[in-house]
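Observations on chain architecture
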Amino acid sequence: MRSIFFALVAAPLAFISALQPSTAYAHAVVIEAQPRVNAAVAAGEVTIRLRYNSRLDVARSRLVLTTPGGATVQLTPQAGAGTDELVAVAQAKAPGGYRVRWQVLTLDGHLTRGDIPFRVVASASN
């Protein structure tokens, strides 16, 4: 009797529930950063590259560079970056502590924010 019940009721219900789409509700997490957190980089042009564990709505995501003096510079992500990364180029000429503040919107609609601190050191002259 139990095997008939399973065959007629439980097995089809298990099959139907397996076909239901599952939605993963997760926030974007930086899995790779350039510069790395607390890295020291040479003064000049700095490429900012942040790769996430989720696909992004790049057009609605933001990067802002905060300089040692507290000024903020809105960075424009470059076209052609992957759907899971933000890439921009910044001018970081003054030595000191910088911070890249990021805000990303994932394709599933979650908004996540964070920052990557790094420091700029004077280039060695020959």
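Fair warning: this is a prediction, and the values are worked out from it, not measured in the lab.

1. Here's the deal with the sheet that holds strand β4 (residues 62-66)
With respect to topology, 5 strands assemble into an open sheet ordered β2-β8-β7-β4-β5, the strand pairing being mixed. Of all strands in the sheet, those bounded by a partner on one side alone are β2 (40-42) and β5 (72-75). Going across the sheet, the axis of each strand differs from the next one's by a mean of 30°, ignoring polarity. In the sheet, strand β7 (residues 96-105) pairs with strand β8 (residues 111-121) via 10 bridges, with the strands oriented antiparallel. Residue pairing in the sheet places Gly96 in a bridge with Val120 of β8.

2. Notes on unusual backbone geometry
With omega at -5°, the peptide bond leading from Gln34 into Pro35 counts as cis. Within the secondary structure, Pro35 is located in the loop between β1 (30-34) and β2. In the Ramachandran plot, Asn38 falls in the positive-phi region, its phi being about 65° despite a non-glycine side chain. The residue Asn38 is located in the loop between β1 and β2 in this model. Residue classification places Asn38 among the exposed residues on the basis of a relative accessible area of 52%.

3. A word on the nonpolar core
Among the nonpolar cores identified, the biggest contains 22 residues, and Ile48, Leu50, Tyr52, Leu63, Val100 and Phe118 are the most heavily contacted of them. Residue assignment for this core shows that the elements contributing at least two residues are β3 (44-52), β4, β6 (85-92), β7 and β8.

4. Overview of the environment of Arg99
Within the fold, Arg99 resides in strand β7. Sequence separation of Arg99 and Pro68 is 31 residues, and the distance between their C-alpha atoms is 8.5 Å. Residues within four places of Arg99 in sequence aside, it is in contact with Val64, Leu65, Thr66, Asp115, Ile116 and Pro117. One polar contact links Arg99 to Asp115, side chain to side chain, over a distance of 2.7 Å.

5. Remarks on the pattern of salt bridges
One pass over the full model with this rule turns up 6 salt bridges. Taking the shortest distance from any N to any O, the salt bridge between Asp57 and Arg60 comes out at 3.2 Å. The class of Arg60 is exposed, set by a relative accessible area of 56%. In this structure, Arg99 engages Asp115 in a salt bridge whose closest nitrogen and oxygen atoms are separated by 2.7 Å. On the criterion of sequence distance, the pair formed by Arg99 in strand β7 and Asp115 in strand β8 is long-range, its members being 16 residues apart. Beyond isolated ion pairs, a larger network of salt bridges with shared partners links Glu32, Arg51 and Asp84.

Reading the values: rules and limits
Residues numbered from 1 in each chain as written. Predicted model: local features only at pLDDT ≥ 70, side-chain atom pairs only at ≥ 80, totals over all residues. Heavy atoms only, no water. Pairing = 2+ DSSP bridges. Helix = DSSP H or I, 4+ residues; strand = E, 2+ residues; numbered from the N terminus. Axes fitted to C-alpha atoms, helices over the stretch in contact; angles between N-to-C directions. Buried < 20%, exposed > 50% of the residue type's maximum accessible area, 1.4 Å probe, protein only. Core = buried A, V, L, I, M, F, W, Y, C linked by side-chain atoms within 4.5 Å. Contact = heavy atoms within 4.5 Å. Polar contact = N/O pair within 3.5 Å; in protein donor to acceptor, adjacent residues only side chain to side chain. Salt bridge = Lys/Arg side-chain N within 4 Å of Asp/Glu carboxyl O.

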